[in-house]
Amino acid sequence: MSKATKAATVSVASRDATIGTLINEAGQAAQSMLTKCKEAAQKAAAQLDPAKPMGDRIAAVVSLYAADFTAAGHNVKALFVDALTLHAAAQCPVMVNTIGKDGKKVDTPTTAAEAVNMPKHAMKDAAKQVREVHGIGRKTGGGRKPTPAKTPTAPAAPDMVKTETDKFSAWLDDFEGYFKDAVFHPRIVAHLITLGFSVNKAAKGKTVKGAASI
């Protein structure tokens, strides 16, 4: 009989003064803000309670440092929450923009844990994908609104019975709308990554010819 794995120790009950200090230092030192926020989030990750839903476990830790964020500012809180979100969903697959060998941006599959160590914009984009996958997010009034996905066309006749192939063909016809949608795109890409596939967009102005391959 195998030995039971010892549960990780969770210390979420009280405010950790060292984390509060890091948050305040981040607010005072603009150049080191991102580094300090990442360091604070890494320490705070030990306070995440895996028994709680993803959104609740992150919110519970963030609430411990409400006073610190009030003093440090909104930007510090936003960076801290992004980094903590990535720690909370460490193994979640995400897609980030990196610079390829030719100096151009390319979509690179990675995990949330690895995205914490990336530049600010890549880290923030990865955190956004994690929130969308887990159905959590910040309450914001601005930003780009999601493009509504195309609605599948209704059958031509009420008594028309569609086969599975017909249903799939109809969904495939609408796939472009879902793939370009701000909400559905990261979910589709993340799911493909879990299945072992990667998605690469053709360079601007280049036409992809030939049959698709797996």
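Since the structure is predicted, the reported quantities are computational estimates derived from the model, not experimental observations.

Check the secondary structure of the chain and you find 10 helices and 2 strands. Secondary structure elements of the chain, listed N to C terminal, follow the sequence α-α-α-α-α-β-β-α-α-α-α-α. When each of the 214 residues of the chain is scored for burial, the buried share is 29%. Contacts spanning at least 24 positions in sequence make up 63% of the contacts within the chain whose residues lie at least 6 apart.

This part takes up the nonpolar core. By size, the foremost hydrophobic cluster in this structure holds 38 residues, and its most contacted members are I23, V76, F80, L84 and L86. Of the residues forming this core, the biggest block, 8 residues, is contributed by helix α5 (residues 74-88). If we ignore the near neighbours within four places in the chain, the residues touching I23 are A40, Y65, D68, F69, A72, V76 and F80.

What the rule picks out here adds up to 3 salt bridges. Between D68 and R15 there is a salt bridge, with the nearest N and O atoms lying 2.8 Å from each other. Highlighted residues: D68 in helix α4 (residues 66-72) and R15 in the segment before α1 (17-28), separated in sequence by 53 residues. One continuous salt-bridge network, built from bridges that share partners, spans D82, K124 and R131.

Helical periodicity: at 3.6 residues per turn, an α-helix aligns residues three or four positions apart in one direction. Spanning 12 residues, α1 covers 17 Å between terminal C-alpha atoms, matching the ideal 16 Å at 1.5 Å per step. Residues of α1 that are buried include every one of I19, G20, L22, I23 and A26, and no others. Considered in projection along α1, the buried side chains sweep an arc of 160° and stay on one side of the axis.

The next thing to look at is the packing of aromatic side chains. Applying the stated rule across the entire model yields 2 aromatic pairs. Between Y65 and F80, the aromatic rings sit 6.4 Å apart at their centres with planes inclined by 65°, giving edge-to-face as the arrangement. Residue Y65 is found in the loop between α3 (54-63) and α4, and its partner F80 is found in helix α5; the two are separated by 15 residues along the sequence. Taking relative accessible area as the criterion, Y65 reaches 0% and is therefore assigned buried.

The sheet contact formed by strand β1 (residues 93-99) and strand β2 (residues 105-111) spans 7 bridges and is antiparallel. Across the sheet, the residue bridging to T98 is V106, located in β2. The loop that links β1 with its antiparallel partner β2 comprises 5 residues; one of these, G103, has a positive phi angle of about 85°.

All right, on to the packing of α1 against helix α2 (residues 33-44) then. Orientation of α1 relative to α2, taken along the N-to-C sense of each, is 165°, at an axis distance of 8 Å. It follows from the interaxial angle that α1 and α2 lie roughly antiparallel. For the element pair α1 and α2, the recorded crossing hand is left-handed. Packed against α1, whose contacting residues are T18, I19, L22, I23, E25 and A26, the element α2 presents M33, K36, C37, E39, A40, K43 and A44 at the interface.

This part covers α3. Along α3, the residues classified as buried are M54, R57, I58, A60, V61 and V62. Looking at the buried positions of α3, the neighbouring elements they touch are α2, α4, α5 and α7 (120-134).

Here we take up the confidence of the model for the chain. With 73% of its residues at a pLDDT of at least 70, the chain reaches an overall mean of 78. Scored below 50 in pLDDT, residues 139-146 shows 4 contacts in the model against residues more than four places distant or in partner chains.

A contiguous nonpolar surface patch, about 330 Å² in accessible area, is contributed by F168, W171 and L172. Structurally, F168 is set in helix α8 (residues 164-173).

Now for the environment of A83. Mapped onto the elements of the fold, A83 is located in helix α5. Judged by its relative accessible area of 0%, A83 is buried. It is 7.7 Å that separates the C-alpha atoms of A83 and Q42, two residues lying 41 residues apart in sequence. Every residue in contact with A83, bar those within four places of it in the chain, is listed here: K38, A41, V116 and M123.

What counts and how
Residues numbered from 1 in each chain as written. Predicted model: local features only at pLDDT ≥ 70, side-chain atom pairs only at ≥ 80, totals over all residues. Heavy atoms only, no water. Helix = DSSP H or I, 4+ residues; strand = E, 2+ residues; numbered from the N terminus. Buried < 20%, exposed > 50% of the residue type's maximum accessible area, 1.4 Å probe, protein only. Contact = heavy atoms within 4.5 Å. Core = buried A, V, L, I, M, F, W, Y, C linked by side-chain atoms within 4.5 Å. Salt bridge = Lys/Arg side-chain N within 4 Å of Asp/Glu carboxyl O. Expected span 1.5 Å × (residues − 1). Arc of directions from axis to C-beta. Phe/Tyr/Trp six-rings, centres within 6.5 Å; stacked < 30°, edge-to-face > 60°. Pairing = 2+ DSSP bridges. Axes fitted to C-alpha atoms, helices over the stretch in contact; angles between N-to-C directions. Parallel < 35°, antiparallel > 145°, perpendicular 65-115°, else oblique. Left-handed = near helix turned anticlockwise from the far one by under 90°. pLDDT = per-residue confidence, 0-100. Patch = residues over 30% accessible without salt bridge, like charges linked within 9 Å, V, L, I, M, F, W, Y side chains within 5 Å. Areas by Shrake-Rupley, 256 points an atom, 1.4 Å probe, with all protein chains shown as cover.

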